[in-house]
Amino acid sequence: MSNRLNIELPGLSLKNPIMPASGCFGFGQEYAQLYDLSKLGAIMIKATTLETRRGNPTPRVAETSAGMLNAIGLQNPGLEHVLEHELPWLEKYDVPIIANVAGTETEDYVEVAKRISQAPNVHALELNISCPNVKCGGIQFGTDPQTAKELTAAVKAVSSVPVYVKLSPNVTSVVDIAKAVEAGGADGITMINTLVGMRLHEKTGKPVIANGTGGLSGPAVKPVAIRMVYEVSQAVNIPIIGMGGVADAQDVIDFLSAGASAVAVGTANFVDHFVCPNIIEQLPAKLDELGYAHISEVIGRSHR
Amino acid sequence: MIQQERMKVVRQKQIADDIFELTLIGQLTLEMKEPGQFVHIRVEDHYEPSLRRPISIAEIDHDAMQFKMIYRAGGKGTKILSTKKAGDEVDVLGPLGNGFPIEEAAPGDTALLVGGGIGVPPLYELSKRLNERGVKTIHVLGFQSAANVFYEQQFQALGDTYIVTADGTQGTKGFVTDLLAEVKPEFDVFYSCGPLPMLSALEKFYPEKKGFLSFEERMGCGIGACYACICDTTDGDYKKVCSDGPVFPKGVVAL
């Protein structure tokens with residue numbers, strides 16, 4: 001049977017358009033206990049910073065209606081460890097890695113991007129300018145078009161692989177930021193990161209999450225993400241990897257219809273641990289149901 | 001190996017105020033090795049509530065492919081779980097985490113098992129295994145009030161059992177450490193599961209003894225991928241409660 005699910009994107013030959021989203025899959029080792037990671041279209045690994053980061057105090061997560069808040073705070077073992085241990089460990093799988101790059105200053109984004117992009121299994125970078133849970137480094141690069149453009153250009157100049165920029169929904173005009181990173185040389189866009197939210201404790205009235213605010217994810221955010229992908233896909237000429245509340249094959253169809261070329265699954269991995277392989281298995285039947293021969297025919301159909 | 005299975009409810013029984021005992025049957029039971037491991041339960045097939053609930057394993061019966069968990073129906077998710085009836089299905093991910101090391105108690109040794117509230121259940125399977133191994137067990141079980149006490153007879157059948165209640169409505173009044181100061185049990189190793197203040201008090205109470213503590217923390221994925229349930233360790237590093245724990249030797253976690 002011919003592959004009805006393969007998608008070609010800058011740097012990425014995807015056997016299917018499904019990949020776990022950064023921060024929801026660690027560096028793959030935990031989920032490798034459950035299924036063969038080679039089934040995935042790609043893997044977006046946990047954000048990597050130049051230095052080791054310990055993250056925020058606990059509680060770091062809180063349940064919300066049809067979703068959750070998190071404020072992990074980019075905890076990761078740092079660039080050296082990722083290069084020496086995490087990425088080599090992933091080499092045994094036939095799956096392209098998208099390395100999520102985070103930092104505090106332009107210089108450390110550039111340093112991480114330059115070195116991690118040289119790892120043999122890293123096929124693309126995802127520039128994280130949208131983490132809402134760290135005081136500096138992250139979202140301030142993603143809320144001003146000029147800053148976003150300059151950082152994209154600086155990273156693009158040193159990266160050995162295509163650069164995708166992860167956009168924040170916590171902005172007045174996501175289209176302006178998307179156009180700016182495209183002008184900065186981005187090869188693609190990934191969207192959306194989480195929406196800043198807060199949950200208060202029923203008894204104390206104080207925030208449940210130690211950080212105060214957290215990023216909202218899960219099915220609750222899907223309509224916001226769909227709307228943003230719908231708008232951005234009409235405004236730029238670079239591909240979009242869509243995400244935000246994806247939990248089943250229909251959600252994938254919705255994101256592709258809105259204009260995404262591939263789809264990442266985040267929070268759903270915590271709830272239905274086999275959600276990615278299950279969606280991949282269900283997609284051909286979904287295409288039959290809709291009358292399409294290949295998944296690429298679904299991309300952008302909302303605009304046609 | 002970790003599995004995800006729709007397991008069938010054999011029995012659901014309320015055994016104390018807000019406390020339920022749920023017996024499930026399925027292949028996943030055969031993967032359960034150590035006492036003190038937990039399962040991650042999805043109570044609905046949709047996302048309301050959205051996250052799984054980590055619940056400790058109270059008793060394992062490999063022959064019947066059944067296991068029991070005892071939980072408090074305190075929140076939205078566990079309240080829904082408490083409405084499941086015989087024949088219903090429950091989505092279970094597990095077994096997860098590292099349990100209590102029974103090999104740390106040699107045959108002929110005496111082990112002290114200290115549980116607090118909903119930390120009591122995993123000690124039951126632990127006590128059974130220790131007794132099978134020829135280890136004598138002493139149980140000290142703390143509860144809020146007489147209405148919350150469960151499994152007193154079951155533990156009694158395995159070894160000396162002391163009940164402590166915060167309000168004094170049953171057994172000794174106060175904290176488990178109050179009773180330990182009074183009874184002064186002789187033992188070789190202790191195992192404990194319960195609220196942080198209890199674990200902390202116990203660790204300070206027995207500075208010379210070998211001990212193992214089971215921790216609880218708000219969890220996301222339950223398998224170590226999301227970094228939600230991090231705890232600081234005494235050597236300045238960190239551990240994930242779900243996949244490095246939930247049981248750690250005394251002195252590892254910064255209390």
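Residues numbered from 1 in each chain as written. Chains lettered and ligands numbered in written order. Predicted model: local features only at pLDDT ≥ 70, side-chain atom pairs only at ≥ 80, totals over all residues.

In terms of regular secondary structure, chain A is built from 10 helices and 14 strands. Here the C-alpha radius of gyration of chain A, 18 Å, is about what a compact globule of 304 residues would show, namely 19 Å. Across its three principal axes, chain A shows a C-alpha extent of roughly 50 × 50 × 40 Å. For chain A, with 304 residues in total, the buried portion stands at 59%. (Helix = DSSP H or I, 4+ residues; strand = E, 2+ residues; numbered from the N terminus. Rg over C-alpha atoms; globule rule 2.2 N^0.38 Å. Buried ≥ 20, exposed ≤ 12 C-beta atoms within 10 Å, placed from the backbone.)

Here we take up the overall build of chain B. Each helix and strand in chain B was counted, giving 5 helices and 16 strands. For 255 residues, the compact-globule estimate of 2.2 N^0.38 gives 18 Å, and the C-alpha radius of gyration of chain B, at 17 Å, lies within 12% of that figure. Expressed as lengths along the three principal axes of its C-alpha atoms, the size of chain B is roughly 50 × 40 × 35 Å. Here chain B holds 255 residues, and 49% of them are scored as buried.

Here Cys-221 of chain B shows up in the loop between strand 13 (210–214) and strand 14 (230–232). Placed 114 residues apart in sequence, Cys-221 of chain B and Pro-107 of chain B show a C-alpha to C-alpha distance of 37 Å. Ignoring sequence-local partners within four residues, the contact set of Cys-221 of chain B consists of Asn-269 and Phe-270 of chain A together with Cys-226 of chain B. (Contact = placed C-beta atoms within 7 Å.)

Across the contact, 23 residues belong to chain B and 29 residues belong to chain A. Among the residues making up the side of chain B that touches chain A, the classes are represented as 13 nonpolar, 5 polar and 5 charged. (Nonpolar A, V, L, I, M, F, W, Y, C, P; charged D, E, K, R; others polar.)

Interface size is often expressed as the accessible area that is lost when the parts come together. Residue and element names in this part refer to chain B. Taken domain by domain, chain B consists of domain 1 (3–96) and domain 2 (102–214). Each of domain 1 and domain 2 has a C-alpha centre, and these two points are 23 Å apart. Looking at the side of domain 1 that touches domain 2, the elements with two or more residues in it are strand 1 (3–16), strand 5 (59–61) and strand 6 (66–72). Here the side of domain 1 that touches domain 2 takes 4 residues from strand 6, the largest share from any one element. (Domains from an automatic or database assignment.)

With that settled, the discussion passes to the sheet that holds strand 11 (residues 172–173) of chain B. All names here are of chain B. With mixed pairing, the 7 strands of this open sheet are ordered in space as 11-10-9-8-12-13-16. Where the open sheet ends on each side, the last strands, each with one partner, are strand 11 and strand 16 (247–249). With 5 bridges connecting them, strand 8 (residues 110–116) and strand 12 (residues 189–193) associate as parallel partners. The residue bridging Ala-111 from the neighbouring strand is Val-189, located in strand 12. The strands touched by helix 5 (residues 196–205) within the sheet are strand 8, strand 9 (136–143), strand 12 and strand 13, with strand 13 carrying the most contacts at an inclination of about 175 degrees. (Pairing = 2+ DSSP bridges. Axes fitted to C-alpha atoms, helices over the stretch in contact; angles between N-to-C directions.)

Looking now at the pairing of strand 6 of chain B. Strand residues, when the strand is regular, have side chains that alternate between the two faces of the sheet. Residues and elements named next belong to chain B. Pairing geometry for strand 2 (residues 19–25) and strand 6, over 7 bridges, is antiparallel. Considered in strand 6, the bridge of Ile-25 is made with Gln-66. Across 3 bridges, the pairing between strand 5 and strand 6 is antiparallel. Residue pairing for strand 6: Glu-59 is matched across the bridge by Lys-68. The antiparallel hairpin formed by strand 5 and strand 6 contains 4 residues in its connecting segment, where Met-65 sits at a positive phi of about 55 degrees.

A word on the pairing of strand 7 (residues 97–101) of chain A. All names here are of chain A. Burial runs high along strand 7: 5 of the 5 residues are buried. Burial along strand 7 is two-sided: the face carrying Ile-97, Ala-99 and Val-101 and the face carrying Ile-98 and Asn-100 are both buried. Two elements, strand 4 (residues 43–48) and strand 7, share 4 bridges in a ladder whose sense is parallel. Each bridged residue has a counterpart across the sheet, and for Met-44 the counterpart in strand 7 is Ile-98. In terms of strand pairing, strand 7 meets strand 8 (residues 122–128) through 5 bridges, oriented parallel. Looking across to strand 8, one finds that Ile-97 is bridged to Val-122. Taken together, strand 7, helix 3 (residues 106–116) and strand 8 form a β-α-β motif whose crossover is right-handed. (Right-handed = clockwise from strand over helix to strand, strands pointing away.)

Let us now look at the sheet that holds strand 6 (residues 67–70) of chain A. All names here are of chain A. The 4 strands lie next to each other as 5-6-12-11, forming an open sheet whose pairing is antiparallel. Each having just a single partner strand, strand 5 (61–64) and strand 11 (195–197) make up the two edges of the open sheet. Sheet twist, expressed as the average angle between the axes of neighbouring strands with direction ignored, equals 35 degrees. Of the strand pairs in this sheet, strand 11 and strand 12 (residues 214–217) are connected by 3 bridges, and their pairing is antiparallel. Residue Val-196 lies in a different strand from strand 12, and its bridge partner there is Gly-215.

On to helix 4 (residues 176–183) of chain B, then. Residue and element names in this part refer to chain B. All of the buried residues along helix 4 are Val-176, Leu-179 and Leu-180. Projection of helix 4 onto a plane perpendicular to its axis shows the buried side chains occupying an angular sector of 100 degrees, all on one side. Facing away from the buried side of helix 4 by more than 90 degrees, the exposed set consists of Ala-181 and Glu-182. Packed against the buried residues of helix 4 are strand 8, strand 9, strand 10 (159–165), strand 11 and helix 5. One or two steps after helix 4, the chain reaches Lys-184, where phi turns positive at roughly 45 degrees. (Arc of directions from axis to C-beta.)

Once that is clear, we can look at the nonpolar core. If you look at the biggest cluster of nonpolar residues, it comprises 182 residues, and the most contacted ones within it are Ile-43, Tyr-164, Ile-189, Val-229, Val-252 and Val-263 of chain A together with Val-140 of chain B. Here this core gets 6 residues from one element, more than from any other, and that element is helix 8 (residues 249–258) of chain A. Formed jointly, this core draws a minimum of three residues from each of two domains, domain 1 (3–96) and domain 2 (102–214) of chain B. Among residues more than four places away in sequence, those in contact with Val-140 of chain B are Leu-112, Val-114, Tyr-162, Val-164, Val-176, Leu-179 and Leu-180 of chain B. (Core = buried A, V, L, I, M, F, W, Y, C linked by C-beta atoms within 7 Å.)

Let's shift gears to unusual backbone geometry. Here the amide bond leading from Met-191 of chain A into Ile-192 of chain A is cis, since omega sits at 10 degrees, within 30 degrees of zero. Mapped onto the secondary structure, Ile-192 of chain A falls in the loop between strand 10 (188–191) and strand 11. In this structure, Asp-18 of chain B takes a positive phi of about 65 degrees despite not being glycine. Topologically, Asp-18 of chain B is positioned in the loop between strand 1 and strand 2.

To continue, consider the confidence of the model for chain B. Residues of chain B with pLDDT of at least 70 account for 100%, and the chain-wide mean is 96. If you check the scores for this complex, the pTM reads 0.94 and the ipTM reads 0.92. (pLDDT = per-residue confidence, 0-100.)

All names here are of chain A. Mapped onto the elements, Val-236 comes out in the loop between helix 7 (222–235) and strand 13 (240–242). Classification of Val-236 as buried rests on a count of 20 C-beta atoms within 10 Å. With 54 residues separating them along the chain, Val-236 and Glu-182 place their C-alpha atoms 7.1 Å apart. Among residues more than four places away in sequence, those in contact with Val-236 are Ala-178, Lys-179, Glu-182 and Ile-189.

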